[in-house]
Each structure stands twice: as C-alpha cells, then as structure tokens.
Amino acid sequence: MTARPRPPRLLHPAAWWAWGAGLVVVALRTTNPFLLALVLAVAGFVVASRRSDAPWAGSFAGSLKLGVVIVLVRVAFPVLFGNRLPGTTLFTLPSVTLPDWAAGVSIGGPVTLELVVGALYQGLRLAVVVAVVGAVNSLCSPYRLLRALPDALYEAGVAVTVALSFAPQVAVVARRVREARRLRGRPDRGPAAWRGSVLPVLEGALERAIALAASMDSRGYGRHGTAAPGLRRLAAGLTLAGLVLAGIGAYGVLDPSVPAVLRAPALLAGAAALAAALALAGRRSDRTRYRPDPWAGSEWAVALSGLAAAVGVVVAGRAGAVLDPSVNPLEVPSVPVAAALGVLLAVVPAWAAPEAPALAPRPAPELDVAA
Amino acid sequence: MIRFDRVSFTYPGASRPALSEVDLEVGEGELCLVVGPTGSGKSTLLRAVNGLVPRFSGGTLLGTVTVGGRTTEDHAPRELADVVGVVGQDPAAGFVADVVEDELAHVMENLGVAPDAMRRRVEDVLDLLGLHEVRRRPLASLSGGQQQRVAIGAVLTAGPRVLVLDEPTSALDPAAAEEVLAALTRLVHDLGTTVLVAEHRLERVVQYADRVVLVPGGGAPLVHGEPATVLADAPVAPPVVELGRAAGWSTVPLSVRDARRGAGDLRARLAPLRPDDVPGARRAAPPPTSGAVARVEGLHASYGTVPALAGVSLDLRAGEVVALMGRNGSGKSTLLTHLVGLRAPTRGRVEVGGRRPHELAPRDAVRSAGLVPQDPGLLLYHDTVAGECAAGDRDAGLAPGATRAALDRLVPGLHAAAHPRDLSEGQRLALALAVVLAAEPPLVLLDEPTRGLDHAGKRRLVAHLRDLAGAGHAVVLATHDVEVVAEVADRAVVLAEGEVVADGPAREVVVHSPVFAPQVAKVLAPEPWLTVGEVAGALALLDAERPAPVDGGAR
C-alpha cells in the first residue's frame, strides 16, 4: 500500500465479487459469532470507506435490515416449533398436544437457552451472507458485473439484471399508485389500499417491461450477428455446464462430506468447460466492450484479500479449530486465530481499493419525478 | 430512406385500422415532422419504421415498410439497429445501463463496434448533446431533459442513418428543448441523418422541418409536403402560422424570424391599441379576489440531502389561473405535491382552505385540492371509460353522469367501452382531469397538462381552465408550454433552484423573457400581445373602426 493519492476510479467488479466470495466462504464455514461479527464489521468498514454516492450504494443498509429479519425468523421458528433441546429453561410456552400422525412436530413447550443460542448462530450466519452480498452490491452495481461477464453469458446476464431492476421499479410504481389513490380520494393506507393497488402496480410494471424490451430490441440486443447459430449454442451450453460443474466442485472442496469425485475433478472439469466456452466466444466475438475495466494492482489486492479470508478459515478448520462452537453443552466460543487473521486481511480494500469517483455531484439538480 | 408502401395497420381487437393505405417516402437527409391530432396514429407510424409495430404491439400490418433497403417484414428491430434509431416517448423506461456513458455505449456493444471507434463516438455524442458533465452520473439521478438527451444519444452512437423520435421535446423546458432541437438540426445538416419526428409542440420544430406529414386520423389519407403548404390550412398549426393567417399574409411564416421580418406593418397597425381594449380579452392584472384559497409560507423541502424548495411563499387566490414555470427540476412538481398533501413540509407552512393538506384524510383532501399528475394514467384504475366515470361520481359523491359531462366538455364523444390504456395520451389526460374536477375542489393543480395534447385538445383545455377560474376555482398549472401560459394564465410564477424568482401578471413576466415569451410576443415585441386571439380581436376592432389600410400582404 502506498500513501500516494490515486485518482478515483471504479474497481473491476470481479475484484469486488472475489472479495465478497471470500467473506461468504468464511460465513458459510462457521457459526462462531465472533468470527461472523468480525466478517460483518470488515464488510461494513470497507463499504463505508469505498462506496460511491450512487443510488445503489444504499443496498448494504437494506441488506442489514433484511439480515435482522432473517435472524428474528430463524429464532422464532425453533422457539415455536423446534425440537426441544434439554438445558437451561428460559421460559415455557403453552404446548399443544398434536395427534399421533403429527409426531415429530411440536408446538410450544419449554424454551431453553441452548435452543435460542443455536438458532441465533444459524440465523446470524445467513444474515452475514446476505450482508456481504449487499456490501458487494453497494460497492459495484449489478450492471457493471454484467459488463464484465464473458460474451457467451452476456444475454442471459442482461435478462438477469433487468429482472433485478424489476423489484425497485415495482416499488416506485407502487409509491406512485399509492399517491394517485390519495389524489382520487381513496384510502392510501390499510388493506383496502393494498387490494386496490395490486392490479395498477402490476400493469405499470408490465408496461415498463414491454417498453424496456422494445427499447433493447431497437438497440440491437439479441442480434444474431455473423456467428453461426450452432457455434453460439455450443458456447452458451459449455458456459452453463462449466458454471454448474465449477459450482458443484467449489462446494465439494468446501464441504468434506461430499464424495471425492465431486470435489477437485468437478472443479477442474468446470474450469476447462468455461475456458473452452470463452475461447469459442472470443473467436466469434461479434460483441465488443466499451472501456473494459482494467485489472491492475488494486484489483489483485482486493481479490487476494478475499482469498486470504477464505484460506484462513479453511486452514483453521484443517488445523482443528472449533468453527462451530457447541451449544449443548453451551460454552463461550473461542476465537480461531488463523480464521480471524484471514478475515482481518479482508479489510485491506478499505485502503487498497481506489476511491470511487463522485457520480452525483452536488447540486443534484433535477427531481421532477415526484408526481 | 424510409418507404411506406400501401401500409395498413390494425391493432388487435380494434374495429378500425390505425393506419390505412399509407404511402410515404422520406428521402435521405430530410427532417420530416409528423403532426396530427391526438390519437391519430402518429406513434404507430413512427414505431412501424423499425418494426416495433407490429412485432411489439400485435395486430396486423399489410403492405411493406422499407428502411435503408431492408423490410421490417424480414428484419426484426434488432437487425435494423445499425440503420434506424428509435427513441420512445418515455426515455427513462428504456434504459438498460446505470450510468450515462454505459447507456450510450450499449448499442455499439451489441453491434460489435471496434473499441476505439466506440470510445470516440461516445465522446462525440457527449459533446453533441451537451452531456459531458453528466457522463458518469447514474441515469436515475438525471433530469427529464437530460434523460431525453441520453435516450437520443443512446441510439445516435450506433451511427444510424435514420432517427425516429416520438415527442422528443414535450417533457422539456424551453431551453432544454432548444438544445435537443439544435442537436437534431446539426445531425441533419452536418451528417445528413434522416430524421422522422412527431411533436405536438409544432412551434418548436416546424422551422427546422423540410417536410411535414399530417396524419389526420380516422383513416383519412396522409397529407405531406412543404411545411408552409401543409400547414397553411392544417387543423394543427403553430402560433406564427396562425398569426400569419389572422393577419392575412399570403405566405405563412414558419419561424419567429420569418414572421418578425414581415410584421412591421402589423406592429404599426396594432400600436395604438392595448390588449385590454379588445373585448373579451383578459385583464392585465389578476382579478380582485375575496382571499387566498391556498397559502404557502416559507416552504422548504428536500429529497434526502438535495434541497428542492428553499423558502417559497405564495398566495393562490380564487378565480385566477397561475402558471408555474421554470427549468426541469426547479421545484414545480414538489410545490404541487405539497399543495395536495402528498408531502409534509420540512419547514414552513402550507394551508389550503385554512387546513394543512397533508393532515387531511384522502376523502377530504380531494375536496380541497385536486392534482392531475404528469402521468395521468396513474389516476385511472377501471377497464372502461364508463367505469372510470362512474367511479369518479362515486368517489366524489356526485350525481351519476357528472364526471362524464365534465369529460365531454374536454374531449367529446369518447367511447364509453374503451379501455383507458388504449386511449391516446390526450384522451387519458382529459379523463383524469374529469375525474379530478368531478369533486369540484377549490384548488385545481395540473402538472404538465399539455404533454401529448394536440392543438385542439389544448384549446379545449384552455377554455375549460378559464371556465374553472370563472367559476371561482384557483387553477395552478406547472408547465413548460409557454403558448398555453400565454393563452390561459393570469399570473406567472417562475421558480429557479427552489426559489421564486418572478411572480406577477403573466403578461409582464413572459413578454420580455427570451425563454418564456410565446411566439406572438416575440414577433410583436415590444408591443405586449401574447396570443393570436388577441391580435385577431384587435384587427377586427380596427377593421370595424375604419376601412382596412392597404398594406403589402393583405388580401
């Protein structure tokens, strides 16, 4: 790291995703609350230091809120329906006796500290995964990742981004419809308002979707170009197969209970298929890239810091550190040092990544969208 | 460049064709303006150029559309992207990327333009459309005018030989519209791009057009030819043309410059009269009134950290029509949403009829202030016009038929069984306005009501707004349409950066403003005439007093 000021620029999206993937691996491998909290803190710190002022930079906050909901639901379910773990009873819910055919499901009963803590760990893990994905989205918009995708995946990628943008659009349409209901003198709150809004909201969203499709088609999206259709299909098929295999392989490498053939061999086969697809796509290359993001030192630093976190947790696991602290009997979890050091390395992007350029300089002049 | 060969098109389920037996040829390098009444099929004609009609609309198209030597029958819109660029009515609905530069590059990436050429063209288009300052900005943070320019840029970068634009300036303030039009003429003159453009605000475009295509609607054949010839007796015409007709000039002027050069005599004839002398003309001063219908005091509002209104104070009085003007984003819409209670003020006070609108229940709020939003379709929920009118009566507790009667005053003869979404922009506006007016609120607010309205529709809107004011309503319209302001407004309020920069009688505010002056005022300055109607009235008065002097162009 140097102290020399660098010109602000946006980092290559793949670097952010690699960094995020590293943190996700950590979160998936452990339920240790200290480690999970550390991951959350690191992600939050990096987002706070390096996000831009674009509208999508708020998605980290949104994912945190979603995380809280996840934890609450994850705790509420076992408390209401879960298996009764023996241990320190906190309180007892009135239990319902179910008929014999429903054996195995229990409703109510004693709620133990062990039960709640176990659920909390699980919920926290999921919430941290969601938060890390939100952090990556705050740091680079989904469209930028799409632009970095290989050609063979481009069209599927556009479809995915458009689908991703559908939800926020529905939210905008819903707000306008609610306002319009008020303008007509109808209730704008309560169940009646919701009932009356569903159809206009869906219609509005659908109209936007059709307008978008027409605009994309007019601008050459999905052109056949000069490539033979067979070649195109082969490249797309290879890419998909490669991604699936690589996904299975990556999971296998991480999860020791998966059969050996689904580990390294699957990962390698997937990588080979992807490489072949990329080569094919490169040969037919009838699409081009506008100002492709460079992959420079900062990108290496960010991606490697994510890798360091993943390696840290895997090494800690191999060395026998307790990644899943026991809840029965309940004990205070210890902090696995190697894993914690790895996660700490993932804070490097807060300095190593260049600052994001100002996207919406003040004064942001125009907001005529209100009515 | 574009050839329509006996093209007929019928929308699915429609009983009459939207276009019938259209024969049209647009030559290389022409700027061709498509005009016609609301709902006459202009958009259909435009969208047929690259095959979006019928591929995205459904329906049956007979005949052939050929563009750049390719027929739309054999080529999907995406295969025509290098020849035709089509920009739709709502630019924001068509955006794919999230920042300006990427949006501009999208079409070139699809076409496989070489990276260095791509880079250069993006820079060219950024300069051409004046977008270089916002090149890295998220599209969602841009103003309407900037979004429109980005949408044009996003097809221009492909270097199409044909550009098709549907209402490109109707959402823009006068200055932004000038910029877009200047860019278009540059394309036509310097690059020889063929441009087919539909625009209701004829006065903005007609002076640049080489040819005008009149789509009369109702299955009548197209009329096309030289602008002056077609417009001399077209049902739609810009104010300068109407002024030429009223003054009896033998050749109709198309631009302010043409008209001004020939208007010396007219100015001299009108000099002894003032607009107030014309019977039926509006008074120069706002009518003396009982009191304020609505009062805004020191209103501050912001979106997040961005200020939208900074200390606005206004009194709105019964019986006056107030035009709210200003750039895109100057705070007009925000002020309207406060008056109707959609937002609570961050600082300051808003009172309508002595009560704070945001504290009212919806049912009471519509009785104190009614707002027709920019997209009037938002107010419409039902699947027939009749259903919408019946619901309007019910919502406001009126006698059955009241909403329908209000509607017929705006757009007579709208089919009761028609689906609101199948109506044209103007018909939808009329329907939404009728629904709002049904509750007879003392304060009537309209946000950009003339977007998508033809001249006949505007004339009816103006008459109706005058009636409303006459009946004691306070009417506020936020608009960029200076011609409508000239026709209807008693008072003009100009906002800039969330502050009131001018507030006074409309005539005084607009006559000397280079941006907000209507065409007639520009032609006749320094005489304070605003509309063709006033001039015609004054001429009639002069003719009645003494025999018409024989001057150069008089019949």
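Small disclaimer: the values here were computed from a predicted structure and weren't measured.

### Overview of the overall build of chain B
Assigned secondary structure in chain B consists of 21 helices and 19 strands. Taken against the 2.2 N^0.38 rule, which gives 24 Å for 555 residues, the C-alpha radius of gyration of chain B at 24 Å falls within 12% of a compact globule. Along the first, second and third principal axes, the C-alpha atoms of chain B reach 65 × 65 × 50 Å. Counting across all 555 residues of chain B, residues that qualify as buried make up 57%. By sequence separation, contacts in chain B at least 24 residues apart represent 69% of the contacts at least 6 residues apart.

### A closer look at the overall build of chain A
Assigned secondary structure in chain A consists of 12 helices and 2 strands. Walking chain A from its N terminus toward its C terminus, one meets helices and strands in the order α-α-α-β-β-α-α-α-α-α-α-α-α-α. Here chain A, with 371 residues, has 40% of them falling under the buried criterion.

### Quick look at the pairing of strand β7 (residues 162–166) of chain B
Side-chain positions along a regular strand alternate between the two faces of the sheet. Residues and elements named next belong to chain B. In terms of burial, β7 is largely enclosed, as 5 of its 5 residues are buried. Burial along β7 is two-sided: Val162, Val164 and Asp166 facing one way and Leu163 and Leu165 facing the other are all buried. Inspection of the sheet shows strand β6 (residues 84–87) paired to β7 by 4 bridges, in the parallel sense. Counterpart to Val84 in the pairing with β7 is Val162.

### Description of helix α12 (residues 332–339) of chain B
All names here are of chain B. Burial within α12 is extensive, with 8 of its 8 residues counted as buried. Those residues of α12 lying buried are Lys332, Ser333, Thr334, Leu335, Leu336, Thr337, His338 and Leu339. Of the residues trailing α12, Gly341 is marked for its positive phi of about 85 degrees.

### Regarding the interface of chain B and chain A
Size of an interface: often given as the accessible area lost when the parts come together. Facing 69 residues of chain B, the contacting portion of chain A comprises 49 residues. At the level of elements, α3 (100–111), α4 (115–128), α5 (144–156), β12 (306–317), α12, α13 (362–368) and α14 (385–396) of chain B are the ones that each hand at least two residues to the side of chain B that touches chain A. The element best represented in the side of chain B that touches chain A is α3 of chain B, accounting for 8 residues. Among the residues forming the side of chain B that touches chain A, the class breakdown is 41 nonpolar, 16 polar and 12 charged.

### Observations regarding the confidence of the model for chain A
Residue and element names in this part refer to chain A. Per-residue confidence for chain A gives a mean pLDDT of 81; residues scoring 70 or more make up 87%. Between the elements of chain A, mean pLDDT differs from a low of 75, seen in helix α6 (residues 151–183), to a high of 94, seen in helix α2 (residues 33–50). Note that pLDDT drops below 50 for residues 362–371; the model gives that stretch 30 contacts with residues more than four away or on any other chain.

### Points about the nonpolar core
Within the largest apolar cluster, 207 residues are counted, with the highest numbers of intra-cluster contacts made by Val34, Leu196, Val485 and Val510 of chain B. The dominant element in this core, judged by the number of residues it contributes, is helix α16 (residues 425–438) of chain B, at 10 residues. There are two domains that each give this core at least three residues, and those are domain 1 (2–235) and domain 2 (292–518) of chain B. Contacts of Leu196 of chain B, omitting those with residues within four sequence positions, involve Ile2, Val26, Cys32, Val34, Leu46, Val49, Val162 and Val164 of chain B. Among the nonpolar cores identified, the runner-up in size contains 54 residues, and Leu40, Leu115, Val302 and Ala340 of chain A belong to it.

### Focus: the packing of α2 of chain A against helix α11 (residues 337–345) of chain A
Residue and element names in this part refer to chain A. Contact geometry of α2 with α11 gives a least axis separation of 9 Å together with a crossing angle of 10 degrees. Considering the angle they form, α2 stands roughly parallel to α11. In this structure, α2 uses Leu35, Leu38, Val39 and Val42 to contact α11, whose residues at the interface are Ala339, Ala340 and Val343. Of the residues that constitute the contact of α2 with α11, the class distribution is 7 nonpolar, no polar and no charged.

### Examining the sheet that holds β12 of chain B
All names here are of chain B. Taken in spatial order, the 3 strands of this open sheet run β12-β11-β14, and their pairing is antiparallel. The open sheet terminates on both sides in strands that have one partner only, identified here as β12 and β14 (347–352). The sheet shows a mean angle of 20 degrees between the axes of neighbouring strands, direction not considered. Across 9 bridges, strand β11 (residues 292–303) lies against β12 in antiparallel orientation.

### Some details on the environment of Leu453 of chain B
Residue and element names in this part refer to chain B. With respect to the helices, strands and loops of the structure, Leu453 is situated in the loop between β16 (443–447) and α17 (455–470). For the pair Leu453 and Ser424, spaced 29 residues apart in sequence, the C-alpha separation works out to 9.1 Å. Contacts of Leu453, omitting those with residues within four sequence positions, involve Thr38, His200, Gly426, Leu429, Lys458 and Leu461.

### Looking at the domain arrangement of chain B
All names here are of chain B. One can read the domain layout of chain B as domain 1 (2–235) and domain 2 (292–518). Computed over C-alpha atoms, the centres of domain 1 and domain 2 are 30 Å apart. Taken together, the contact between domain 1 and domain 2 spans 18 residues of the former and 19 residues of the latter. Sorting the residues of the side of domain 1 that touches domain 2 by element identifies α5 and α6 (174–191) as the ones contributing at least two each.

### Overview of the packing of α14 of chain B against helix α15 (residues 402–410) of chain B
Residues and elements named next belong to chain B. Contact pair α14 / α15: the axes reach a minimum separation of 7 Å and the direction vectors enclose 120 degrees. What the angle tells us is that α14 and α15 run oblique. Residue-level inspection shows Cys389, Gly392 and Asp393 of α14 in contact with α15, the latter providing Ala402, Thr403, Arg404 and Leu407.

### Structural notes on unusual backbone geometry
All names here are of chain B. The step from Val53 to Pro54 runs through a cis peptide bond, and the omega angle for that step is 5 degrees. Geometrically, the link from Ala525 to Pro526 is a cis peptide bond, its omega value of 10 degrees lying close to zero. Along the chain, Pro526 falls in the loop between α20 (519–524) and α21 (532–545). A positive phi angle, close to 50 degrees, is found at Glu21, a residue other than glycine. Under the C-beta neighbour-count criterion, Glu21 is labelled partly exposed, with 14 such atoms within 10 Å. Phi at Glu497 is positive, roughly 50 degrees, even though this residue is not glycine. Looking at the secondary structure, you find Glu497 in the loop between β18 (491–496) and β19 (499–505).

### A word on the pairing of strand β9 (residues 211–214) of chain B
As paired elements, strand β3 (residues 31–35) of chain B and β9 of chain B share 4 bridges and run parallel to each other. Across the sheet, the residue bridging to Val35 of chain B is Leu214 of chain B, located in β9 of chain B.

### Details of the environment of Leu254 of chain B
Residues and elements named next belong to chain B. On the secondary structure map, Leu254 appears in the loop between α9 (239–247) and α10 (256–262). Owing to 24 C-beta atoms within 10 Å, Leu254 belongs among the buried residues under this scheme. Counting along the chain gives 17 residues from Leu254 to Ala237, while the straight-line C-alpha distance between them is 9.5 Å. If we ignore the near neighbours within four places in the chain, the residues touching Leu254 are Val206, Gln207, Pro227, Ala228, Val240 and Val241.

The rules behind these values
- Residues numbered from 1 in each chain as written.
- Chains lettered and ligands numbered in written order.
- Predicted model: local features only at pLDDT ≥ 70, side-chain atom pairs only at ≥ 80, totals over all residues.
- Helix = DSSP H or I, 4+ residues; strand = E, 2+ residues; numbered from the N terminus.
- Rg over C-alpha atoms; globule rule 2.2 N^0.38 Å.
- Buried ≥ 20, exposed ≤ 12 C-beta atoms within 10 Å, placed from the backbone.
- Contact = placed C-beta atoms within 7 Å.
- Pairing = 2+ DSSP bridges.
- Nonpolar A, V, L, I, M, F, W, Y, C, P; charged D, E, K, R; others polar.
- pLDDT = per-residue confidence, 0-100.
- Core = buried A, V, L, I, M, F, W, Y, C linked by C-beta atoms within 7 Å.
- Domains from an automatic or database assignment.
- Axes fitted to C-alpha atoms, helices over the stretch in contact; angles between N-to-C directions.
- Parallel < 35°, antiparallel > 145°, perpendicular 65-115°, else oblique.

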